[in-house]
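Each chain, written out:
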Amino acid sequence: MSWQPILDGLGKAAELILSGDREVIELTSRSLQTAGYATVMAGLVGLPLGVLIAMRQFRGKRFVKTLFNALVGVPTVTLGLFLYSLLSRSGPLGFLDLLYTVPGIAIGEAILIIPIVVSFVASAIEAKDVQLRDLVRTLGASELETSLAVVREASSGVSLALISSFNRAFAELGIATMIGANIRGLTRVLTTAIALETAKGELGLSFALSFILLAVVLSLNFLVSFLQEGRLGRQGWLRLVMGER
Amino acid sequence: MRQRTMVIIVAIVLVAGVGAGWYLTRPIPKESLIVSTTSSLYDTGFLDFLKTNFEKKYPQYNVSFISQGTSLAIQTAKNGDADMVLVHDPTQEKAFLTDGYGVNRKIIAYNFYIMVGPSADPAEVTGLGPLEALKKIAAEGPKGDAVWVSRGDNSGTHSKEKALWKLAGLNLTVLKAQKVEGTNNPWYLEAGTTMGATLQLANQKNAYTLTDVATFLKYSKSGSIQLVKVVDSGKDTLNVYSAIACNPAKNTRGKYEVAMVLIRYLASDEGQALFRDYGVQDFGLALFKPWITTLKSNSDPTLIQWVKDYAYIEGSDCPTQYRLNAGDLYG
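Only a predicted model underlies this, so the values are computations on that prediction, with no experimental measurement involved.

## Digging into the overall build of chain B
Within chain B one finds 15 helices and ten strands. When its C-alpha atoms are laid out on the principal axes, chain B stretches across 85 × 55 × 40 Å. Going through the 331 residues of chain B one by one, you find that 44% of them count as buried. Nonlocal contacts in chain B, meaning residues at least 24 apart in sequence, comprise 74% of its contacts between residues at least 6 apart.

Here it is in structure tokens:
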């Protein structure tokens, strides 16, 4: 195998980053936007859902948990196709005008990653000793306060859920292609650009964009991990804001 | 206490700063036009060229091109997700008009398809006409001397390829099922993707394929493929591009007027000049030929007749019942 395209890619990546290439900045920022919105939306829906599933006893609980675990692996092209039919003007949700837009891609990715959030959060909470929940309850906490306390204790599992789903959304290709159509200047993101450049035979540029994508993901993950466990300590920043010394 | 206040203040400043930055850099709302197209106009970079020039003249519009291949482009338009199409398959275009989805079809450019293949030319088809070449390839394929790559995606190019096989008197169903002697592999491959990617596949497999001359030149020049032209252009390998607006009665995006602005632009001297100029600097010849300019100048009556025979519907670009407030669009 020829190493040339990879070496080309490394060189081009450095060049693009250092020169502050506008189009690359646009692509990266759009990737961050779609993945960011998707993670926020998925978090808002998935977190309470995960807590509920983990903490309550109900009939069919095992079925629901297994269902969400399975949905983590839903094929993205299938989900993309399904959403495309819904969001197309000839479909039921066409009036929302979400096809070929960034919010449309974000919603699609959110739906994709909700099972990830739910599964991870539910597992994290269940890993916590059930006695903790009972203890908090006997101390007079309401349902909501109990849930918040449990989430705080399981916070590393929760942040793992969120960062994993962000990573998944950031690296998403199938949904971005089907719903966004890779329109230059409008819905093109890093992953779809990489696919396009590869199809065009521009392997050097493809590798360059891939390195940039990896660099962004790695930096973000290190940053989050630093905030969690680093100098500020576990939840050190939270304690800081709450006024403890 | 002080540290905590500081953190809160910093947070507020950050949020305010980001919010202000966002607000100040928000794009001025432009009217958007969505055009679904064949892949060959896109793969050659022509559409980026068109977008730049069109938006320079009409800065209030933002044109988005979705390159999908003719069949999917027409489907997207039928779904109401696009405002107009730029395609190159007269049969599918006619159906688009008669089914009531399209109005004001205008032929805007043409070029030719060519057949390309490995420089060694194992099937020995160089210099033959397209139909003879296909017959030879069909004969050599099962022997293992020729591999053919088809678009296989119902695109305009694919339709042309199917028509040529039919004209040569060959049955595709039979050819597709044949295996190379002594193996379990077919010699007729179907790529299922765009022209550019298909050329790369053919390059990889040292195969023959049908391509439009523009995409071939672009990929050849960039060095991505080493295939060479084996069969030249002629009447049977004419490639004609048309623009069709979506019928406002069926299309709910409401951008019909903007679509007509683009169609008129493409038909105007300015738009035609884009076709005349694109590629000359990089390849030494225009990748697409301006149809309307050629028609007006009557510089090549034989060619003009070929285009009319191949791409005219009921004697013109667009039968009168499918024209809508066309004004002077049809002369």
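Still more ground to cover, so stick around.
## Comments concerning the domain arrangement of chain B
Residue and element names in this part refer to chain B. The assigned domain composition of chain B is domain 1 (31-111 + 239-322) and domain 2 (113-237). On a C-alpha basis, the centres of domain 1 and domain 2 stand 26 Å from each other. The interface is formed by 21 residues belonging to domain 1 together with 18 residues belonging to domain 2. Looking at the side of domain 1 that touches domain 2, the elements with two or more residues in it are helix 2 (39-43), helix 4 (70-78), helix 5 (90-98) and helix 13 (280-283). For the side of domain 1 that touches domain 2, the class distribution of residues is five nonpolar, 13 polar and three charged.

## Remarks on the interface of chain A and chain B
Taken together, the 15 residues of chain A in the interface contact 18 residues of chain B. Of all the elements in the fold, those that place two or more residues in the side of chain A that touches chain B are helix 10 (190-200) and helix 12 (236-241) of chain A.

## A word on helix 7 (residues 156-167) of chain B
Residue and element names in this part refer to chain B. Here helix 7 is twelve residues long and its end C-alpha atoms lie 17 Å apart, about the 16 Å a rise of 1.5 Å per residue gives. For helix 7, the complete set of buried residues consists of G156, T157, H158, K160, E161 and W165. Count one or two residues on from helix 7 and you reach G169, which has phi positive near 80°.

## Overview of the packing of helix 6 (residues 130-140) of chain B against helix 7 of chain B
All names here are of chain B. Put simply, helix 6 and helix 7 touch, their axes get as near as 9 Å, and they point 80° apart. The angle between helix 6 and helix 7 falls in the class roughly perpendicular. In this structure, helix 6 uses P130, L131 and L134 to contact helix 7, whose residues at the interface are L164, W165 and L167. Partitioned by chemical class, the residues of the contact of helix 6 with helix 7 number six nonpolar, no polar and no charged.

## A word on helix 5 of chain B
Residue and element names in this part refer to chain B. Every buried residue of helix 5 is listed here: E93, F96 and L97. Taken around the axis of helix 5, the buried residues stretch over an arc of 95°, which confines them to a single face. On its buried side, helix 5 packs onto helix 4, strand 3 (84-87), strand 4 (102-117) and strand 9 (238-246). At the exit of helix 5 stands G100, carrying a positive phi of roughly 90°.

## Concerning the nonpolar core
Grouped together as the largest cluster of nonpolar side chains are 141 residues, with contacts concentrated most on V117 and V121 of chain A together with M84, V85, Y208 and A259 of chain B. Among the elements that line this core, the one with the most residues is helix 5 (residues 102-127) of chain A, at 15 residues. Built from parts of two domains, this core gets at least three residues from each of domain 1 (31-111 + 239-322) and domain 2 (113-237) of chain B. Among residues more than four places away in sequence, those in contact with V85 of chain B are V35, S36, T37, A73, I74, A77 and I244 of chain B.

## Quick look at the environment of T183 of chain B
Mapping T183 of chain B onto the fold places it in the loop between helix 8 (172-177) and strand 6 (188-190). Considered as a pair, T183 of chain B and V103 of chain B are 80 residues apart in the sequence and their alpha carbons are 50 Å apart.

## Brief notes about the pairing of strand 4 of chain B
Residues and elements named next belong to chain B. By the criterion of burial, strand 4 is predominantly enclosed, with 15 of the 16 residues buried. Two elements, strand 4 and strand 10 (residues 289-290), share two bridges in a ladder whose sense is antiparallel. Of the residues in strand 10, the one forming a bridge with Y110 is K289. When strand 4 meets strand 7 (residues 208-212), the two strands line up antiparallel, connected through four bridges. Within strand 7, the position partnered with Y113 by the bridge is D212. Here strand 4 pairs with strand 8 (residues 228-231) via three bridges, running antiparallel. Of the residues in strand 8, the one forming a bridge with M115 is V231.

## Some details on the confidence of the model for chain B
Residues and elements named next belong to chain B. This prediction gives chain B a mean pLDDT of 90; 97% of its residues lie at or above 70. For chain B, per-element mean pLDDT is lowest for helix 1 (residues 2-24), which scores 78, and highest for strand 3, which scores 96. Scoring the predicted complex yields pTM 0.81 and, for the interface, ipTM 0.75.

Here is what the cut-offs are and how they apply
- Residues numbered from 1 in each chain as written.
- Chains lettered and ligands numbered in written order.
- Predicted model: local features only at pLDDT ≥ 70, side-chain atom pairs only at ≥ 80, totals over all residues.
- Helix = DSSP H or I, 4+ residues; strand = E, 2+ residues; numbered from the N terminus.
- Buried ≥ 20, exposed ≤ 12 C-beta atoms within 10 Å, placed from the backbone.
- Contact = placed C-beta atoms within 7 Å.
- Domains from an automatic or database assignment.
- Nonpolar A, V, L, I, M, F, W, Y, C, P; charged D, E, K, R; others polar.
- Expected span 1.5 Å × (residues − 1).
- Axes fitted to C-alpha atoms, helices over the stretch in contact; angles between N-to-C directions.
- Parallel < 35°, antiparallel > 145°, perpendicular 65-115°, else oblique.
- Arc of directions from axis to C-beta.
- Core = buried A, V, L, I, M, F, W, Y, C linked by C-beta atoms within 7 Å.
- Pairing = 2+ DSSP bridges.
- pLDDT = per-residue confidence, 0-100.

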